[in-house]
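# Examining the three-dimensional arrangement
The primary structure of each chain is shown beneath.
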Amino acid sequence: MSSESEKIVHQCECDVCRAGTDTATVRHHRQMNLFLSRLNEPQRLWYVGLLSQKADGVSDRQLSLITGLDEDTIRRGRRELEAELADVPSDRQRREGGGRPPAEKKTRR
Ligand SMILES: [Zn+2]
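The numbering scheme is per chain: residues are counted from 1 as the chain's sequence reads. Only residues with pLDDT of at least 70 get local features here, since the model is predicted, and only at 80 or more are side-chain atom pairs given and counted; chain-wide, interface and lining totals rely on the full set of residues. Excluded from the side-chain calculations are hydrogens and water; all other atoms, namely the structure's heavy atoms, are used.

### What about unusual backbone geometry?
Stated precisely, the cut-off is as follows: Going along the chain from the N terminus, every DSSP run of H or I of four or more residues is numbered as a helix, and every run of E of two or more is numbered as a strand.
Its identity is not glycine, yet Glu-84 carries a phi of approximately 55°, on the positive side. If you trace the backbone, Glu-84 turns up in the segment after helix 5 (71-82). For Leu-85, which is not a glycine, the phi torsion comes out positive at approximately 55°. For Leu-85, the position within the fold is in the segment after helix 5.

Following this line, the structure appears as structure tokens:
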């Protein structure tokens, strides 16, 4: 029942963390992965997609090493953000009405 707190946090595999020389970066990447481990899957995608847009340029490949997500996944997150998450309904925007999908129209005689 304590499984919530035992989620596996991805270990960064970037060169800096492997060498372990830049402790600030190591800590930053560890926190990123900790944060990611608490998000649900779409949120993870979008966060990484957002990071990949930064001008100071972490490449998709680098992000993939840091987060353990593959580059396709990162690109997908970025695309969804660029599309303003149009295809992704937010929780707050519940559909008006009963919430049941409209029943099939029976127009046949
Ligand atoms: Zn790292």
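### Comments concerning the coordination of the zinc ion
Tetrahedral coordination by four donors sets the ideal angle at the metal to 109.5 degrees; octahedral coordination by six donors sets it to 90 or 180 degrees. Applied cut-off: A donor here means an N, O or S atom no more than 2.8 Å from the metal, or no more than 3.2 Å when the metal is Na, K or Ca. Since water is not included, a site may seem to lack partners. Burial classification: accessible surface area is computed with a 1.4 Å probe over protein chains only, and a residue below 20% of its type maximum counts as buried, one above 50% as exposed, and the rest as partly exposed.
Every protein donor of the zinc ion is listed here as Cys-12 (SG), Cys-14 (SG), Cys-17 (SG) and His-29 (ND1), and their distances to the metal cover 2.0 to 2.3 Å. Read in sequence order, the donor residues coordinating the zinc ion give the pattern C-x1-C-x2-C-x11-H. Residue Cys-17 is found in helix 1 (residues 15-19), and its partner His-29 is found in helix 2 (residues 23-37); the two are separated by 12 residues along the sequence. Comparing Cys-17 with His-29, the two get one shared label, buried.

### What to know about the layout of surface pockets
Note the following rule: Buriedness for pockets is judged along seven lines, at least five of which must meet protein on both sides within 12 Å for an open set on the 1 Å grid over protein atoms alone, while cavities are sets there where a 1.4 Å probe fits but cannot get out, and lining residues have an atom within 4 Å of a point. Grid points are joined across faces, edges and corners, and a volume is the space filled by probe spheres set on the points. Under the scheme applied, nonpolar residues are Ala, Val, Leu, Ile, Met, Phe, Trp, Tyr, Cys and Pro; charged residues are Asp, Glu, Lys and Arg; polar residues are all the others, including Gly.
Computed from the structure, the largest pocket encloses a volume of approximately 200 Å³. As for the largest pocket, its lining consists of 14 residues, and the residues nearest its centre are His-28, His-29, Met-32, Val-58 and Ile-66. Mapped onto the lining of the largest pocket, the elements with two or more residues apiece are helix 2, helix 3 (41-51) and helix 4 (60-67). The element best represented in the lining of the largest pocket is helix 2, accounting for four residues. Tallied by class, residues from the lining of the largest pocket come to eight nonpolar, four polar and two charged.

### Overview of the nonpolar core
Basically, it comes down to this: Definition of nonpolar core: a set of buried residues of the types Ala, Val, Leu, Ile, Met, Phe, Trp, Tyr and Cys, connected through side-chain atoms within 4.5 Å. Throughout, a residue-residue contact means that at least one pair of heavy atoms, one from each residue, lies within 4.5 Å.
Among the nonpolar cores identified, the biggest contains 13 residues, and Val-48 and Leu-63 are the most heavily contacted of them. Here the element with the most residues in this core is helix 2; it accounts for three residues. Contact partners of Leu-63, with chain neighbours within four places excluded, come to Met-32, Val-48, Leu-51, Ser-52, Val-58, Gly-68 and Ile-74.

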